[in-house]
Amino acid sequence: MMRLFLLTCLAVSLIAVRPARAAFTVCNQTLDVANLALGVSEGDVFETLGWWVVGPSQCADLISHKLRSRYVYVFAKDVFGRVLLEGAAPMCVDAGRFRIRGESDCLVRGYTGARFHEVDTQQADSWTFFLRSGAQ
């Protein structure tokens, strides 16, 4: 009995000291497979990253650490290249996997321009964004 009590106390203490997991998660609530690109602020410079492929009714952690800035930017297209989500923030993307520093002069630098949707995370440590069909 004492052994069970000690094991229970140990399990509870291990759970209590485990740090909270922070992330920016996108859940695809459309009927399409979504190709996602992300724009984040890295100090004074924006950086775009892509692509994550997220199936219908699936979620993916695009950032797996504590969010560092209030705004995160998302661009999504389907497997045929049709835009599923765009916004007003112009940034750069590439055809294959990419990590691009800076959001200007996309064509001059050999990239394609895309208009990213701004997500206000309200300075939370983690945030889940739901990609939906039609207007966000």
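Summarised in this report is the structure supplied together with it.

### Notes on the pattern of salt bridges
- With the rule as written, the count across this model stands at five salt bridges.
- A salt bridge links E47 to R99; its shortest N-O distance comes to 3.2 Å. With a gap of 52 residues between them, E47 in strand β3 (residues 45–54) and R99 in strand β8 (residues 98–101) connect regions that are remote in the sequence.
- Taking relative accessible area as the criterion, E47 reaches 5% and is therefore assigned buried.

### Here's the deal with the state of the cysteines
- If you walk through the whole model with that rule in mind, you get two disulfides.
- Through a disulfide, C27 is tied to C59; the S-S separation comes to 2.0 Å. Here the S-S torsion is close to 110°, and the disulfide linking C27 with C59 is therefore right-handed. Taken together, the residues C27 in strand β1 (residues 24–28) and C59 in strand β4 (residues 58–63) connect sequence positions 32 residues apart.
- The class for C27 is buried, based on a relative accessible area of 9%.

Procedures and definitions
Residues numbered from 1 in each chain as written. Predicted model: local features only at pLDDT ≥ 70, side-chain atom pairs only at ≥ 80, totals over all residues. Heavy atoms only, no water. Salt bridge = Lys/Arg side-chain N within 4 Å of Asp/Glu carboxyl O. Helix = DSSP H or I, 4+ residues; strand = E, 2+ residues; numbered from the N terminus. Buried < 20%, exposed > 50% of the residue type's maximum accessible area, 1.4 Å probe, protein only. Disulfide = S-S within 2.5 Å.

Purely geometric stuff here, so don't read any function into it on its own.
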